[in-house]
Every structure is written in C-alpha cells, then in structure tokens.
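Coordinates in review
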Amino acid sequence: MDNAERWLSETLGYSFSDARLLRQALTHRSAPGDSNERLEFLGDAVLDIVISEALFHTLPDAPEGDLSRLRASLVRDTSLADIAVELAIGEHLVLGSGERKTGGHRRQSILADALEALFGAVYLDSDFATAAELIHRVFGDKLENLPHADDLRDPKTRLQEWLQARGAAPAVDVAPCRGARAEAVEAAAGEFDRLQKAPDLGAVGREQRAQAPAQHGGVAGDVERVPGHAHVVEARGVEALEA
C-alpha cells in the first residue's frame, strides 16, 4: 500500500493514520480480504450530505426539485467514475484475478464505488469536516460550474410540463425509443387527442397541430403511432414543440 499512500498524499493531500482503511477502500469484493462495500455505503451517505449542503448554500433560491436533480447529476456513477479516472484510482485498486483480466480497473461501477469508499474511509480515519474538505477539493470545478437545472429534466417530465402549462394533461407512459441511436433515448407516450383539445398553443403550436395528423398521425415530425391510442414522442420532439 506504500504506492497508494504516496499517491493519495500527492493527489489529495491526505495521509491515513490507519493504512488498513485505505487498503479496504481500494479492495473490490472479487479480491481476498475485507472489501470496500461497507465503506462505500458509508461514503455514499457522507457524499450526499456534503454535496447537498454545498448546493443548499450555493443556490439559496433554488427549489427542492432543482437541488435534487443537480445533486443526482453530481453523485451518479458516471460522474464519480469520471472523477476516479482523473484521480487515477484504478491504478491502485485491489482486484481478483478475474476482474483484473476483464479490465475491472476501468469499469465505471467499480471506480465509482471505490471513490465513495475512499470518502467513507477518510471519514472514519479522521472526522466529517476533513472528509467534507476532501470532497470539496475533489468536486471543486464541478461545484463551481453547475449545469442549469432545467437541462437535467428528462424528456418525459419536460413534455408533461409543456403540456400542463398549456392546459393539457395527457396520460403519459415511458416507452423505448426506436431509432438508430447508440444510446437509449427515453420517449414520452401521450394521448394526442388531448393535445388537440388544448385551449391555445399559440400560432406555431396551432400550425403544428393542424399539420401533424395529415403528415405523421401525431405530434410534429418526431412521432410514431403506437398501436392502440398513444404516440411516441422522442426527446427531440419536446424541442420541436417548444420552438
């Protein structure tokens, strides 16, 4: 663990009083000995409260929903894994032979868990204030350059809000989006007849509404008919409606 201790000291400016905690934080369950799962559980809680408090003070006028979305974007596995890669945590992980052979040191879930376990280990080795200081150091740029909360709303929520603001409240389900996209896209399925009955969608909305049935059997060009009663609106369909 000498290399790991030196790495931690040089990278994050922290030295463990109990080196066993550092080893455990970096040990995956596939390896012999105590794994980092319990420390990950603790670190997850510490991280949540630290990020929550930071957002609470940074955005004093933000509603609870916006704060929750921002926190989720910061502490999700992909974000944590990106930070772990920047810190080179993968180079110091203790993995079983199988995980080593299959590139476990690059797997997002393993990297994210190890980072949270490290936060938990620092908390146990020192105190909450020290762990919070380390987390602020690690998340510095991300906390200073927060995305706009509106950009974090999923397509279904954005569609619902758009419709409700115009007096329409369709029944909405989530369905897989069919299309030649590498990533999965959430789609919102809504009853188009209710959209047609909306009191006023504005000039652009009325024109789209008039053209949609003849051209596509649904809402503005990004719609496919679903057998039964609903239409699938892809994520970009919301932008089309908002245009």
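Residues numbered from 1 in each chain as written. Predicted model: local features only at pLDDT ≥ 70, side-chain atom pairs only at ≥ 80, totals over all residues. Heavy atoms only, no water.

1. What about the side chain of Asp125?
Let me state the cut-off plainly: Here a strand is any run of E in DSSP of at least two residues, a helix any run of H or I of at least four, and the numbering for each starts at the N terminus. Note on exposure labels: buried denotes an accessible area under 20% of the residue type's maximum, exposed denotes more than 50%, and partly exposed covers the range between, all computed with a 1.4 Å probe on protein chains only. In summary, the charge assignment counts Lys and Arg as positive and Asp and Glu as negative, without counting His or the chain termini. By salt bridge we mean one thing: a side-chain nitrogen of Lys or Arg within 4 Å of a carboxyl oxygen of Asp or Glu. What qualifies as a polar contact is a pair of N or O atoms within 3.5 Å, subject to a donor-acceptor requirement within protein and to the restriction that residues adjacent in sequence count only when both atoms come from side chains. Any two residues whose heavy atoms approach within 4.5 Å at even a single point are treated as in contact.
Looking at where Asp125 falls in the secondary structure, it is placed in helix H7 (residues 108–125). Among buried charged residues, Asp125 stands out as having no salt bridge; its nearest opposite-charge side chain is Arg20, 8.6 Å away. Within the local environment of Asp125, its side chain forms a polar contact with the side chain of Tyr14, the two groups lying 2.5 Å apart. Apart from the residues within four sequence positions on either side, Asp125 is in contact with Tyr14, Ser15, Phe16, Ser17, Asp18 and Leu21.

2. Topic: the packing of aromatic side chains
Here is the rule: Two rings from Phe, Tyr or Trp (for Trp, the six-membered ring) form a pair when their centres sit within 6.5 Å of each other. Planes less than 30 degrees apart are called stacked, planes more than 60 degrees apart edge-to-face, and all others tilted.
A full pass over the atoms with the stated rule returns 1 aromatic pair. Pairing Tyr14 with Phe16 gives two aromatic rings, centres 5.1 Å apart and planes at 90°, and the pair type is edge-to-face. Overall, the relative accessible area of 10% leaves Tyr14 in the buried class.

3. Comments concerning unusual backbone geometry
Positive phi, close to 65°, is recorded for Ala88, a residue that is not glycine. Within the element layout of this structure, Ala88 appears in the loop between helix H5 (77–87) and helix H6 (97–101). A residue is classified by how much of its surface remains accessible, and Ala88, at 22% relative accessible area, is partly exposed.

4. Some points on the environment of Leu118
Looking at the secondary structure, you find Leu118 in helix H7. Between the C-alpha atom of Leu118 and that of Ile89, which follows or precedes it by 29 residues, the distance is 9.8 Å. Apart from the residues lying within four places of it in its own chain, the contact partners of Leu118 are Trp7, Leu8, Leu12, Phe16, Leu22, Ala25 and Ile89.

5. A short note on the pattern of salt bridges
Across all of its chains, the model carries 6 salt bridges by this definition. The closest approach of N and O atoms between Arg20 and Asp18, which form a salt bridge, is 3.1 Å. For the salt bridge of Glu86 with Lys142, the shortest nitrogen-to-oxygen distance reads 3.9 Å. One end of the pair, Glu86, is in helix H5; the other, Lys142, is in helix H8 (residues 128–144), with 56 residues separating them in the sequence.

6. Examining the nonpolar core
Put simply, the rule is: What we call a nonpolar core is a set of buried Ala, Val, Leu, Ile, Met, Phe, Trp, Tyr and Cys residues that are connected through their side-chain atoms within 4.5 Å.
The biggest cluster of nonpolar side chains holds 46 residues, and the ones touching the most others in it are Phe16, Ile51, Ile89 and Phe139. For this core, the elements supplying multiple residues, two or more each, are helix H1 (2–12), helix H2 (19–25), helix H3 (37–58), helix H4 (64–75), H5, H7 and H8. Residue contributions to this core peak at 10 residues, all from H7. Leaving out residues up to four positions away in the same chain, Phe16 has contacts with Leu8, Leu21, Leu22, Leu118, Ala121, Val122 and Asp125.

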